[in-house]
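This is what each chain is made of:
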Amino acid sequence: MSSTSSGNGLLHLNDVESGYSKDNDDLDADPSDPFDIAQTKNAPPETLKRWRQAALVLNASRRFRYTLDLKKEEEKEHRKRMIRAHAQVIRAALLFKLAGENQIVSGAPVAPPVDGGDYAIGLEQLASMTRDHKLPVLEQYGGVKGLSGLLRTNLEKGVNEDEADLSNRRNAFGSNTYPRKKGRSFWMFLWEAWQDLTLIILIIAAAVSLGLGIKTEGLKEGWYDGGSIFLAVFLVILVTATSDYRQSLQFQDLNEEKRNIQLEVIRGGRTVKVSIYDLVVGDVVPLKIGDQVPADGILITGHSLSIDESSMTGESKIVHKNKKEPFLMSGCKVADGFGTMLVTGVGINTEWGLLMASISEDTGEETPLQVRLNGVATFIGIVGLSVAVSVLAILLARYFTGNTEDPSGTTQFIKGRTKFDDAFNDVVKIFTVAVTIVVVAVPEGLPLAVTLTLAYSMRKMMADKALVRRLSACETMGSATTICSDKTGTLTLNEMTVVEAIVGKKKINPPADSSQLHPSVVSLLSEGVAQNSTGNVFVPKDGGNVELSGSPTEKAILSWAIKLGMKFDAIRSESTILHVFPFNSEKKRGGVAVRQSDAEVHIHWKGAAELVLAACSGYLDSNGCLQSMNEDKEFFEAAIDEMAASSLRCVALAYRLCEREKVPSDEESCSDWVLPEDNLVLLAIVGIKDPCREGVKDAVKICMDAGVKVRMVTGDNIQTAKAIALECGILSSSQDVTEPTIIEGRVFRALPEKEREQMAKKITVMGRSSPNDKLLLVQALRKGGDVVAVTGDGTNDAPALHEADIGLSMGIQGTEVAKESSDIIILDDNFASVVKVVRWGRSVYANIQKFIQFQLTVNVAALVINVVAAISSGDVPLNSVQLLWVNLIMDTLGALALATEPPTDNLMHRSPVGRREPLITNIMWRNLLIQALYQVIVLLVLNFSGLTILGLEDDGDKEHAYKVKNSLIFNAFVLCQIFNEFNARKPEEINCFKGVTKNYLFMGIVGFTLILQIIIIEFLGKFTSTVRLDWQLWLVSVGIGIISWPLAIVGKLIPVPKTPVSAFFVKPFRRCRRPRDA
């Protein structure tokens, strides 16, 4: 719900996505409205400051607890700069020192390794060398190989998986954790809760009342008035603090989940997944594009490995890592290439650990709905404040002019006769009532209800496999009008197997039958697969199943090659890798140059079949003979199309020989070598099956029914994309699939910007797209008014994830760079989980609307009853303690009951919530006005004619009769709210009880409120100025409350106009203001 407010916070606008009529064109965003923020994601600090300054706030520390702490954010950036500056000074001094040393001697004298317990090197020596990038020290130890010996690590197999060895390493070198500031204690929340300005005033008033009461009536009877207000205020503070504390614990758990990165390490020769916290010094960690460097370390091997060190140095500079620049810093990102590193520093012994320890406190974040609700709360607060001041003025005027009487009919103030203490006590009571009206009228808990429902939703979404990184994304998802989804792993299972293989012009069946191929072809295929792969093969010594690691595509091809007879480790040891061109999502292929034992150099390429095929001039047939491609190219193209039409991912493997004189001789030239990619010889084309996920077709249909268009954006062949889209239900039939419904990335990319915007709306499937094409599509859709959710897993998807309204990264296949750029992480990579997020997003908005309807009903009724009574009789039927109890019901307890309603299927049968759709809809206005009007009429009738109706006119004890009447009004009013809480659950449905028994929290809160109300009436009369009611009056109270149910049913049958009520007020206001502003 990336939503905004307009005017005064209550006046909102029509749905932008559904398009405006001409009449509503001028009802767009109001630039002068501080609460009109379309999106808080990447919002400038000035905008955020503006709405804070405009909000009417009684307790700033509580109201702004979960919004972005702008001051702390500035301090955080300052600390980062300090640590970065410190690191740069160290490095600059080191470079200067090394330059001097190189001129004098080739290697500077180095302190010998100090014994580190079971290891031949100590923590300080290790940390100092890595932190200060001391290359001469590393060389003194014998380079990375010598250092691994000192750390008792095998560079190929890593450390042992033995728990005792890992524990020793943690004891000697520390664990990969850093100290974090403790979360705030419950006492801190209590302290914050009582800092509400009105509560402080009430406490002071209660203290005055207590003193005067004891003075005039004695301790035994005189403490009740002041003491009861004290008790009520304490109860409000206690319940508020408990609710806030529980939310805080939920957020702490979620933050811990976000930090707990899972990564691959090599232990005992096999690749295993561990938590980043379990990393130890001596671990061997494979790195690939998009990974975060998990600890300080030294490069073991690397191919085109480039590191983005901007998170540590502050400079967006890509650093190439090699033997001359082998030091890797924790917290940096792998920008390109792949390699392995030896961990030499963890936790607080790294610069990243120091940085995280100093800025670990979360500074919060506001959401668009929070900002809107602050606008609503401010508007209601201003009205409430005006009412309270009016009531105060009226009551004081009536009192001092002698127009206020007590229940027995005696005038309360007679000039010259009434004692000062009595007059002062009466004035304090009047003042207390006015302040309590402010407490009830200013809905301080309204913006916090968003945080409550978000905290609840985020916890439940974890069970639905979605981890929310940004609060605002959770609600914005309810407004999503389109989802741009990846294909692989999101719509499909990401469980890939090679099901077809073409070698020469022969289809190999089964695809891994090596007996149908010449040994020379098998040898070249095995070499190409083993060396041109970022995957790994582990063969257990006990003869168990072979374990594969790498991406699903890599694993599928490795598995196929092993069945052909590939000996992975043997091939890798027989030949040497000279240079690697890592797989690139722009070029959609990757290559490797390999030197054979006989000094012959082979260059292997692997990638998108039609692109590799285009670079081939020949092919090897199944007998190992070289054939020209000229006449047979059409055969291979037809074979690719046939595979793609069967929804197979097509990958081609090709190679070529390289003349020795063209191979760079030294390592530096080799790293800049551009691998030749022409005149290739095609070895094989394989078709990889990745079946659709179960339930995806249903999930896509749910989205379509909910008015959310699903678009597939994939790097795969356009025919494969089309086949999968038909299988998933994204495309309805193959007959009408023409451009621009289905389009290639290069075609879309080539269009002028204006045409792209027009074309974007029509696109359903984009094949052979690059990450930049995805970014262009997102930008074009957003310009056209769509609220865009986009999925992504690669590093290059980061710009699109950042640009989208909601960025969804993949938890299993997603890189750390993609996850950091996203707003929500889909933990199981499943599209069905994305749909659940949409459902939860809509639920957040719907729950807040339920709470607003409930709270405004109480607000309107309580204010009108007290104002009318004050003006007409000079007294109010609902006193301070009673109003504080009502405030507790509608604020904290009401929010807990209604803001935690689970999502219903009905939510997905509506259109998306528009960015500027009114927060208080016409349906809500109808419901709340009917209920408030009913409550006001019934309770005012009781107030003015209650004694007659109840037959209490002839009661000898007038004060008791008066208290019975007021107790009934109070009891009926509270029961009206309890029954109306059920109505608020379903603002549009006739049956408001549907699913209520499954919501245990709702039932618990309603039951708790009812029990407390019985206790208050029956046992706490001294505190609340009430008397016990007999069973007949309890029946009357329940009857008055229960009428709200049939009344709500009748009310829901009354039609409401489509044009929002707010529009009638906003339009003239805007039109008259524009000429004035011009």
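Residues numbered from 1 in each chain as written. Predicted model: local features only at pLDDT ≥ 70, side-chain atom pairs only at ≥ 80, totals over all residues. Heavy atoms only, no water.

Q: Would you explain the sheet that holds strand 9 (residues 482-485) in this entry?
A: Strands pair in a sheet through their backbones, by hydrogen bonds, and they do so in one of two ways: parallel or antiparallel. Strand order in the open sheet made by the 8 strands is 8-26-25-24-9-21-23-22, with mixed pairing throughout. This sheet does not close on itself; its edge strands, each paired only once, are strand 8 (466-468) and strand 22 (742-744). In this sheet, neighbouring strand axes are inclined to one another by 20° on average, regardless of whether the strands run parallel or antiparallel. In this sheet, strand 23 (residues 765-767) lies alongside strand 22 in parallel orientation, the contact comprising 3 bridges. (Pairing = 2+ DSSP bridges. Helix = DSSP H or I, 4+ residues; strand = E, 2+ residues; numbered from the N terminus. Axes fitted to C-alpha atoms, helices over the stretch in contact; angles between N-to-C directions.)

Q: Honestly, the packing of helix 32 (residues 880-898) against helix 35 (residues 1000-1019) in this entry has me stumped. Any pointers?
A: Packed helices, taken two at a time, are described by the angle between their axes plus the distance between the axes. For the pair helix 32 and helix 35, the least separation of the axes is 9 Å and the interaxial angle reads 165°. One element, helix 32, and the other, helix 35, form an angle in the roughly antiparallel class. In this structure, the crossing between helix 32 and helix 35 has a hand that is right-handed. Residues Trp885, Ile889, Leu893, Leu896, Ala897 and Leu898 of helix 32 lie in contact with helix 35, whose contacting residues are Leu1001, Phe1002, Ile1005, Phe1008, Thr1009, Leu1012, Gln1013 and Ile1016. Residue composition of the contact of helix 32 with helix 35, grouped by class: 12 nonpolar, 2 polar and no charged. (Parallel < 35°, antiparallel > 145°, perpendicular 65-115°, else oblique. Left-handed = near helix turned anticlockwise from the far one by under 90°. Contact = heavy atoms within 4.5 Å. Nonpolar A, V, L, I, M, F, W, Y, C, P; charged D, E, K, R; others polar.)

Q: Would you mind showing me how to read unusual backbone geometry here?
A: Where the residue is not glycine, phi is negative for most of them; where a peptide bond is considered, it is trans in most cases. Cis geometry is found at the peptide bond from asparagine 509 to proline 510, where omega equals -5°. Considering the arrangement of structural elements, one finds proline 510 in the loop between strand 11 (506-508) and helix 18 (519-531). The backbone phi angle of lysine 465 is positive, close to 65°, even though this residue is not glycine. Tracing the backbone through its elements, the reader meets lysine 465 in the loop between helix 16 (445-463) and strand 8. Phi at asparagine 494 takes a positive value of approximately 65°, unusual for a residue other than glycine. Within the secondary structure layout, asparagine 494 lies in the loop between strand 9 and strand 10 (497-503).

Q: What is the right way to look at the UniProt feature "transmembrane region" (unreviewed entry) in the chain in this model?
A: Per the UniProt record, the feature "transmembrane region" (unreviewed entry) sits at residues 189-210, 222-241, 376-400, 430-456, 851-871, 932-952, 1000-1021 and 1033-1054. The annotated region residues 376-400 carries 100% helix and 0% strand content, and the separation between its end C-alpha atoms amounts to 36 Å. Between the end C-alpha atoms of residues 932-952 the distance is 27 Å, and the span holds 86% helix and 0% strand. (UniProt positions renumbered as here; feature names shortened; annotations may be inferred.)

Q: Hey, could you run me through the pairing of strand 15 (residues 589-595) in this one?
A: Consecutive residues of a regular strand have side chains that alternate between opposite faces of the sheet. Taken across its 7 residues, strand 15 has 6 buried, putting it largely inside the fold. Where strand 14 (residues 576-584) and strand 15 come together, 6 bridges link them in antiparallel fashion. Across the sheet, histidine 579 pairs through a bridge with alanine 593, a residue of strand 15. A loop of 4 residues connects strand 14 with strand 15, the two strands running antiparallel in sequence, and lysine 588 in this loop sits at a positive phi of about 60°. Pairing of strand 15 with strand 16 (residues 601-608), which is carried by 7 bridges, proceeds in the antiparallel orientation. Counted as the bridge partner of glycine 591 is tryptophan 605 from strand 16. Between strand 15 and strand 16, which pair antiparallel in sequence order, lie 5 residues; one of them, alanine 599, sits at a positive phi of approximately 75°. (Buried < 20%, exposed > 50% of the residue type's maximum accessible area, 1.4 Å probe, protein only.)

Q: I'm lost on the environment of isoleucine 688 in this one. Help?
A: By secondary structure assignment, the location of isoleucine 688 is in strand 20 (residues 680-689). The class of isoleucine 688 is buried, set by a relative accessible area of 1%. Taking the C-alpha atoms as reference points, isoleucine 688 and threonine 497, 191 residues apart in sequence, are found 5.4 Å from one another. Setting aside anything within four residues of it in sequence, one finds isoleucine 688 in contact with Met496, Thr497, Val498, Thr553, Ala556, Ile557, Leu648, Arg649 and Val651.

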